[in-house]
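Each chain is listed here by its residues.
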Amino acid sequence: MALINYLTKIQFDFGAVETLPDELKALGVSRPLIVTDAGIVAAGLAARVKDCLPGVTPVFDGTPPNPTEEAVEAALAVYREAGCDGIVALGGGSSIDLAKGVALLATHDGPLEQYAVILGGMPKITPAVAPLIAVPTTAGTGSEVGRGALITLRDGRKLGFIAPSMIPKVAVCDPELTLGLPAGLTAATGMDALTHCIETFISPRDNAVADAIAIDGAGRAMKWIEKAVADGADRDARWNMMMASLQGGLTFQKGLGAVHGMSHPLGGLKDPVLHHGTLNAVILPAVLRYNAGHVGDKYERLAAAMGLPAGADLAEAIEALNQRLGMPANLRAMGVIDAVIPRMVEGAVADHSTASNPRPVDAAGYEALFAAAMG
Ligand SMILES: [Zn+2]
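As the structure is a computational prediction, the values presented were derived from the model and not from experiment. (Residues numbered from 1 in each chain as written. Predicted model: local features only at pLDDT ≥ 70, side-chain atom pairs only at ≥ 80, totals over all residues. Heavy atoms only, no water.)

Brief notes about empty space enclosed by the protein
Next, step 1: What the rule picks out here adds up to two cavities of 30 Å³ or more.
Next, step 2: Of the pockets and cavities examined, the largest cavity occupies roughly 40 Å³.
Next, step 3: Taken together, A139, T178, L181, T186, T189, G190, R238 and M241 form the lining of the largest cavity.
Next, step 4: Contributing elements (two or more residues each) for the lining of the largest cavity: α6 (183-202) and α8 (235-251).
Next, step 5: Broken down by element, the lining of the largest cavity gets its largest block of residues, three residues, from α6.
Next, step 6: Here the residues of the lining of the largest cavity are counted per class, giving three nonpolar, four polar and one charged. (1 Å grid on protein atoms, 1.4 Å probe; cavity = no way out; pocket = protein on both sides within 12 Å on 5 of 7 lines; lining within 4 Å. Points joined across faces, edges and corners; volume = space filled by probe spheres on them. Helix = DSSP H or I, 4+ residues; strand = E, 2+ residues; numbered from the N terminus. Nonpolar A, V, L, I, M, F, W, Y, C, P; charged D, E, K, R; others polar.)

Dropping the structure here:
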């Protein structure tokens, strides 16, 4: 039996940030904390959002590249000190996930670890989670409509905190905020969106609603990603990549797969710090090959939706796309060393995404996949 929830309220178009005051009011939030990072502040986007809001809005701009337990606690201290009663998450997946952690601990006793999904934490996360509005500034993560946050604990484990109450109350998707995103980040985050749509579509769980969203999103991402990378000011490309990203987020509650099973522990490394979208782009071809023969006719359907010629090899098409986008050739080129692989295999086996990979994958399977992705 499938449980299907779609999902939360979404404001989507150029100018959507102007809806923030009304949406906060509707949620009964009178003193929001903006959770973001220093780059977003430097790019003027925090000021753009603050200008929409009445009064002086406190800002936490200390979101690290991959959200950590320490940063959740630092933001929570600002939230409490400023007497906040809700959160506006402004940024990429890291800021949104960090804000989810703050919204959780603002109303639930610590430590954070007890709420991790693989430790049985899901039922402990109640609807008391503080109200959160997510405003993405990248087109890729989908976290603005996602039920989960990925946060690295002090001991280095990158764990998923997943529950229906973690979904932002409103997603405000304004493609205007992505116009200044550099080409490299546009490519990396866009590949995350494409990976969400592909992994979800081939996941074996029954959710035809998610499948329909996923295949449309995969086609849309494929059609527009290179245009958005080539010309960041192309408003149609930005609108469509933000839509593909949203679609990825709307569909991935069906369950992701081994690409994310591998990119989650890699994203928990402190050195080198690795970008989630870049990791997925680099890992995706190996996982597509591993899953071949376990997906029915889904590769053919994806290839058709993505505008590939009949008989095209999906893994090869992704490799060619990666190359055109300037993605690294493999994990080794990203600075991953062999010594960390056993720990990464362990993390991948334990990851919540592994259960919904179309072909069962155990430690030996992940060893082969990491070997392929290392190059
Ligand atoms: Zn992802």
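Details of the domain arrangement of the chain
Often the size quoted for an interface is simply the accessible area lost on bringing the parts together.
Next, step 1: Domain boundaries assigned for the chain yield domain 1 (9-177) and domain 2 (183-374).
Next, step 2: Measuring from the centre of the C-alpha atoms in domain 1 to the corresponding centre in domain 2 gives 24 Å.
Next, step 3: When domain 1 packs against domain 2, the two sides together hide about 2300 Å² of surface, and 64% of this comes from carbon and sulfur.
Next, step 4: Across the contact surface, domain 1 and domain 2 share one salt bridge.
Next, step 5: Two residues, R235 and E176, come together in a salt bridge whose shortest N-O distance is 3.6 Å.
Next, step 6: At the level of secondary structure, the elements contributing two or more residues to the side of domain 1 that touches domain 2 comprise β1 (9-12), β6 (148-152) and β7 (158-162). (Domains from an automatic or database assignment. Buried area = accessible area lost by both parts, 1.4 Å probe. Salt bridge = Lys/Arg side-chain N within 4 Å of Asp/Glu carboxyl O.)

Topic: the layout of surface pockets
Next, step 1: Taken as a whole, the second largest pocket holds about 390 Å³ of empty space.
Next, step 2: Together, 19 residues line the second largest pocket, and G156, R157, K158, P265 and G347 are the ones closest to its centre.
Next, step 3: For the lining of the second largest pocket, the secondary structure elements donating two or more residues are β7, α9 (258-267) and α13 (341-350).
Next, step 4: At five residues, α13 tops the list of elements feeding residues into the lining of the second largest pocket.
Next, step 5: Each of domain 1 (9-177) and domain 2 (183-374) contributes no fewer than three residues to the lining of the second largest pocket.

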